[in-house]
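# Tertiary structure, described
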Amino acid sequence: MNTSVANTYNRKKITFSHGKGIYLFTNDNKKYIDLAAGIAVNLLGHSNKSLIDALQKQSKKLWHVSNLYQIEEQEILARKLTNLSFADKVFFCNSGAEAVECSIKAARRYQFSQGYKEKKNIITFKGSFHGRTLGTIAASNNINHLEGFGLPLEGFINIERNNLDQLLRVIDKNTAAILIEPIQGEGGINVFDRDFLMNVESIARDKKILLLLDEVQCGMGRTGKMFAHELFNIKPDIMALAKGLGGGFPIGACLMTSPVGDAMNPGTHGSTFGGNPLAMAVGNCVTDIVSNPDFLSDISDKANLFHLKLNQIAKKYPNIITGIKGLGLMIGIKCNIENTILANELYKNGVLTVNAGDNVVRILPPLNITIPEINKVTQIIKKSVQNIDKENATKEN
Ligand SMILES: *Cc1c(COP(=O)(O)O)cnc(C)c1O
């Protein structure tokens, strides 16, 4: 297609005109089940009535005033997020990369404010994805994302997941923080070991190193807990959120304890759009719905069913699926064939998924997907796997 849009994505040749719940529809009214949810963004599906109402209501009052003024909806969302978490302060921005950038800045600034001017280094982990800004590509240290963009921002030390020995070896007097994506999304739904994370937390406390979590993808109810780190029984000092927080409206947030928040005093950071009334109205609505304990426990029940069904398929077709990874409704199908083959077959059968590293097909449905919908879509997944199996059998004969 002759397009004026920058060529940074290999886009599927399909355009959606509208959506409802877990369904997306094309112009010619072809229906897809959306298990990608805009890459873990549409937490409450498409055209959610409550979100539409929240946005419409706010759109008639006030769109934007900037952070030169107090914004009531921002105060309210910040209070909700701090009440729901370890945090005391929230900086609002517009994306995941910005939320991680703010986390990195806040960590360094905190150490600086404590008189530790040498503590600038941040330890990060292989397979992580933290965004596409110059700072966050340096943090992730993925060569494909760094190549051709000059010297990476200094001060990041990238180590193996779950390797405590290596962690202890690289920590020194210059270490400011450890940045972890507790369930790596883009990297292939890699769940960190609980023991490792608990050890990291206590080492960080001992050595006055900050613990930064990137919950841009795994946070906001995705795992059945409001925040994924609750599953590991750890508490960070700083946490980045985005994706699901706006349910489809661009929002990012950096949550901080008060000592860290105090270091981020006037003039240290900013955002023109961050926390604008429209974004905050939607964020408040998403947060109210998702943080409801019944809603969260429902996610766990539905996730158990999803995992059970997928594990049955994996067991029956080990030549196609190696195993099922992930927690809650953050699911990875690790393939024994090329992941694109499974994703394409699912697409042919009307199911949208997202590929990830480690030869994984990601399943990130809206959190309000229903049990009947899970039963229906796992049937389609089973049929798709069967189709591939049959095709492979014919090829072999
Ligand atoms: C998507 C993602 C980001 C980057 O978010 P953007 O909104 O694309 O900048 C950062 N961290 C994680 C874990 C993500 O999944």
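Residues numbered from 1 in each chain as written. Predicted model: local features only at pLDDT ≥ 70, side-chain atom pairs only at ≥ 80, totals over all residues. Heavy atoms only, no water.

## Concerning the overall build of the protein
Formally: Runs of H or I in DSSP of at least four residues are treated as helices and runs of E of at least two as strands, each being numbered from the N terminus. Burial status follows relative accessibility: with a 1.4 Å probe on protein chains alone, a residue under 20% of its type maximum counts as buried, one over 50% as exposed, and anything between as partly exposed. Working rule for contacts: check all heavy atoms of both residues, and any pair within 4.5 Å makes them a contact. Residue burial considers only the protein chains on display, and all accessible areas are found by Shrake-Rupley using a 1.4 Å probe. For the purpose of counting charges, residues Lys and Arg are taken to be positive, whereas Asp and Glu are taken to be negative. His and the chain ends are not included. The location of each charge is read from NZ of Lys, CZ of Arg, CG of Asp or CD of Glu.
Across its full length, the protein carries 13 helices and 17 strands. On the principal axes, the C-alpha backbone points of the protein span a range of 70 × 55 × 45 Å. For the protein, the proportion of its 397 residues judged to be buried stands at 54%. Long-range pairs, those at least 24 residues apart, make up 73% of the contacts in the protein between residues at least 6 apart in sequence. Summing over all exposed atoms, the protein offers an accessible surface of approximately 18,600 Å²; the carbon and sulfur share of this is 51%. Side-chain charges of the protein comprise 45 positive and 37 negative groups, with the mean position of each set lying 3 Å from the other.

## Remarks on the environment of Phe 91
Looking at where Phe 91 falls in the secondary structure, it is placed in strand β4 (residues 89-93). Between the C-alpha atoms of Phe 91 and Thr 353, which are 262 residues apart in sequence, the distance is 31 Å. Not counting chain neighbours up to four residues away, the residues in contact with Phe 91 comprise Cys 102, Gly 252, Ala 253, Cys 254, Met 256, His 269, Gly 270 and Ser 271.

## Regarding the environment of Gly 350
By secondary structure assignment, the location of Gly 350 is in the loop between α12 (339-348) and β15 (351-352). Measuring from C-alpha to C-alpha, the distance between Gly 350 and Asp 237 comes to 42 Å, with 113 residues separating the pair along the chain. In contact with Gly 350, not counting residues within four places along its chain, are Lys 31, Tyr 32 and Ile 33.

## A short note on the sheet that holds strand β1 (residues 16-20)
Pairing between sheet strands relies on hydrogen bonds along the backbone, with the strands arranged either parallel or antiparallel. Note the cut-off: Two strands form a pair only when DSSP identifies at least two bridges running between them. Only the contacting stretch of a helix is used when fitting its axis, a line to C-alpha atoms as for every element, and angles between N-to-C directions run 0 to 180 degrees.
The sheet built from four strands is open, its strands ordered β1-β2-β3-β15 with mixed pairing. Each edge of the sheet is formed by a strand with only one pairing partner; in this case those strands are β1 and β15. Taken together, the three bridges between strand β2 (residues 23-26) and strand β3 (residues 31-34) define a ladder with antiparallel strand orientation. Counted as the bridge partner of Tyr 23 is Ile 33 from β3. Seen against the sheet, helix α13 (residues 371-396) touches β2, β3 and β15 and runs at an angle of roughly 105 degrees to β3.

## Quick word on the domain arrangement of the protein
Convention followed: Per the annotation, domain bounds derive from an automatic or database assignment of domains. Values labelled buried area give the accessible surface lost by two parts on being combined, using a 1.4 Å probe and summing over both. When a carboxyl oxygen of Asp or Glu lies within 4 Å of a side-chain nitrogen of Lys or Arg, that pair is called a salt bridge. Counted as a polar contact is a pair of N or O atoms within 3.5 Å, where, for protein atoms, one must be capable of donating a hydrogen and the other of accepting one, and residues adjacent in sequence contribute only when both atoms are in side chains.
With domains assigned, the protein is organised as domain 1 (16-47 + 293-396) and domain 2 (49-290). A C-alpha centroid distance of 27 Å is found between domain 1 and domain 2. Tallying the contact residues gives 27 residues for domain 1 and 30 residues for domain 2. Taken together, both faces of the contact between domain 1 and domain 2 bury some 2,300 Å²; the carbon and sulfur share is 66%. At the junction of domain 1 with domain 2, the criterion picks out one salt bridge. One salt bridge connects Arg 362 with Glu 186, and the closest N-O pair in it is separated by 2.9 Å. Linking domain 1 with domain 2 are nine residue pairs in polar contact (both at pLDDT 80 or more).

## Notes on the site of the ligand
Keep this limit in mind: Being near a molecule or strand, for a residue, comes down to having at least one heavy atom within 4 Å of it.
Taken together, the residues surrounding the ligand are Ser 95, Gly 96, Ala 97, Phe 129, His 130, Gly 131, Glu 181, Asp 214, Val 216, Gln 217 and Lys 243. At a separation of 3.1 Å, a nitrogen atom of the ligand approaches a polar backbone atom of Phe 129. Between an oxygen atom of the ligand and a side-chain N or O atom of Lys 243, the distance comes to 2.6 Å. Burial of the ligand by the surrounding chains reaches 81%, relative to a free accessible area of 380 Å².

## A word on the pattern of salt bridges
Counted according to the given criterion, the structure contains eight salt bridges. Between Glu 201 and Arg 205 there is a salt bridge, with its nearest N and O atoms 3.6 Å apart. Placement of both Glu 201 and Arg 205 in helix α8 (residues 194-206) is noted, with a separation of four residues, approximately one turn of the helix. Three or more residues joined by partner-sharing salt bridges are found here, namely Glu 201, Arg 205 and Asp 237.

## Re the packing of helix α3 (residues 72-83) against helix α10 (residues 277-290)
Operational definition: Here roughly perpendicular refers to angles of 65 to 115 degrees, roughly parallel to angles under 35, roughly antiparallel to angles over 145, and oblique to all remaining angles. A crossing counts as left-handed when the near helix is turned anticlockwise from the far one by less than a right angle, and as right-handed when that turn is clockwise. The classification used treats Ala, Val, Leu, Ile, Met, Phe, Trp, Tyr, Cys and Pro as nonpolar, Asp, Glu, Lys and Arg as charged, and all other residues, Gly among them, as polar.
Across the interface, α3 lies against α10 with an axial gap of 8 Å and an inter-helix angle of 30 degrees. By the angle between their directions, the pair α3 and α10 is classed as roughly parallel. Where α3 crosses over α10, the handedness of that crossing is left-handed. The segment α3 lies against α10, with Glu 73, Gln 74, Ile 76, Leu 77, Lys 80 and Leu 81 engaging Pro 277, Met 280, Ala 281, Gly 283, Asn 284, Thr 287 and Asp 288. Here the residues of the contact of α3 with α10 are counted per class, giving six nonpolar, four polar and three charged.

## Here we look at the sheet that holds strand β11 (residues 238-241)
Taken together, the seven strands give an open sheet; going across it, the order is β4-β12-β11-β10-β7-β5-β6, and neighbouring strands pair in mixed fashion. Because the sheet does not close on itself, it has two edges, and the strands there are β4 and β6 (156-159). Looking at each pair of strands side by side, their axes are set apart by 20 degrees on average, direction ignored. Contacts from α8 reach β5 (121-125), β7 (175-180) and β10 (210-214) within the one sheet, and its direction differs from that of β7 by about 160 degrees.

## Some remarks on helix α2 (residues 49-59)
Rules: The arc in question is the one spanned by the directions pointing from the helix axis to the C-beta atoms.
Within α2, the full set of buried residues consists of Leu 51, Ala 54 and Gln 58. Each buried residue of α2 lies within a common arc of 65 degrees when the element is viewed along its axis, so the set occupies one face. More than 90 degrees from the buried face of α2, the exposed residues found are Lys 49 and Lys 57. Considering only its buried residues, α2 is in contact with α3 and α10. Taking the backbone nitrogen of Ser 50 as reference, a side-chain oxygen 3.0 Å away marks Asn 48 as the first, capping residue of α2.

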